[in-house]
Each structure stands twice: as C-alpha cells, then as structure tokens.
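Summary of structural features
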Amino acid sequence: SDNTKMDSKKTSDRPRAKLAETPLSCSEWLAAALVSSGVTHVYGGHGGALVPLVNAVVDNPNLTWVCTRNEANASLMAAAHAKLTGNLACVMATSGPGATNLTTGLMDAALDRVAVIAVTGLKPRAGMVS
C-alpha cells in the first residue's frame, strides 16, 4: 500500500538547518540546553574546572547565576527551588570535593522527588596524573 512506502525524497534534497555563524562552545551549548529544559536559576560556587561554564551561564540572558559560599548550600538551594517552583533546578560544583559536597542537597531533592540536575567540572585530561 502507499502508506507503507518510505519518503522517496532524498536526504540531500531536503533543506538543511542553517548553522550558527559562530559555533557554540561546549559551555555555551550546555547553558542553552539548560534554558531549553526549563532551568532559570543555576546555583553553585566558582572553581577552576567550572570557569568557562560559569561564564557561559552568566552570559546567558535567560539564566540567573546564584553564587554560594559552598557547594552544600548550593545543592540545598537548588532542591528548595525545585520544591517551591515545581521546575527543574540546576546546581554546579567543581571537581573533587566540590562535587561530593553536593550530596546532601541532591539526597534531599531525591527524597522529596523533585528534579535537580547536577553539573560538575573536570580539569583537562592533560593535567591528570595517570
């Protein structure tokens, strides 16, 4: 039957989406993805592995960066944001101890079944000891 035929139009004949004149960095792409997921506020501290990402969040007009003194407070603030608004919340921390400090707030969010996304930084592989 005609309903089971595949589209005969070649992929190369279909119009292509225009690419941005300036490609996005990974950090800019992640900030845009957070916005498209409904995130409005990003909580966290500023650590070496996060600098490009924090800059992208600050530069994005649709995101509000809330800088905290430590990651535990940031994760609790993100959990509270999710509980009070019903929206996806985001928390960021640098690698290592910064990332482990997120656990209290993330467990609080999990126990109350609210959505919080945690993003952590990582230093470049070249700087890692093997």
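Preceding block: the structure.
What counts as what
As a convention, each chain's residues are numbered from 1 in the sequence order in which they are written. Note on the predicted model: pLDDT of at least 70 is required for a residue's local features to be given, and 80 or more for side-chain atom pairs to be given and counted; whole-chain, interface and lining totals, by contrast, use all residues. Hydrogens and water molecules were not included; the side-chain quantities draw on all heavy atoms of the structure. One speaks of a salt bridge when a side-chain nitrogen belonging to Lys or Arg is within 4 Å of a carboxyl oxygen belonging to Asp or Glu. Every helix listed is a DSSP run of H or I at least four residues long, and every strand listed is a run of E at least two residues long, numbered separately from the N terminus. Residue exposure (1.4 Å probe, protein chains only): buried if accessible area is under 20% of the type maximum, exposed if over 50%, otherwise partly exposed.

**A look at the pattern of salt bridges**
Side chains that carry opposite charge are capable of pairing whenever their charged atoms lie near each other. Counted according to the given criterion, the structure contains 2 salt bridges. K83 serves as the salt-bridge partner of D108, at 2.7 Å between the closest nitrogen and oxygen. On the criterion of sequence distance, the pair formed by D108 in helix α5 (residues 103–111) and K83 in helix α3 (residues 71–85) is long-range, its members being 25 residues apart. Taking relative accessible area as the criterion, D108 reaches 24% and is therefore assigned partly exposed. Residue D112 is joined to K83 by a salt bridge in which the shortest nitrogen-to-oxygen separation is 2.7 Å. With a gap of 29 residues between them, D112 in the loop between α5 and β4 (116–120) and K83 in helix α3 connect regions that are remote in the sequence. Each of K83, D108 and D112 takes part in one network of salt bridges that share partners.

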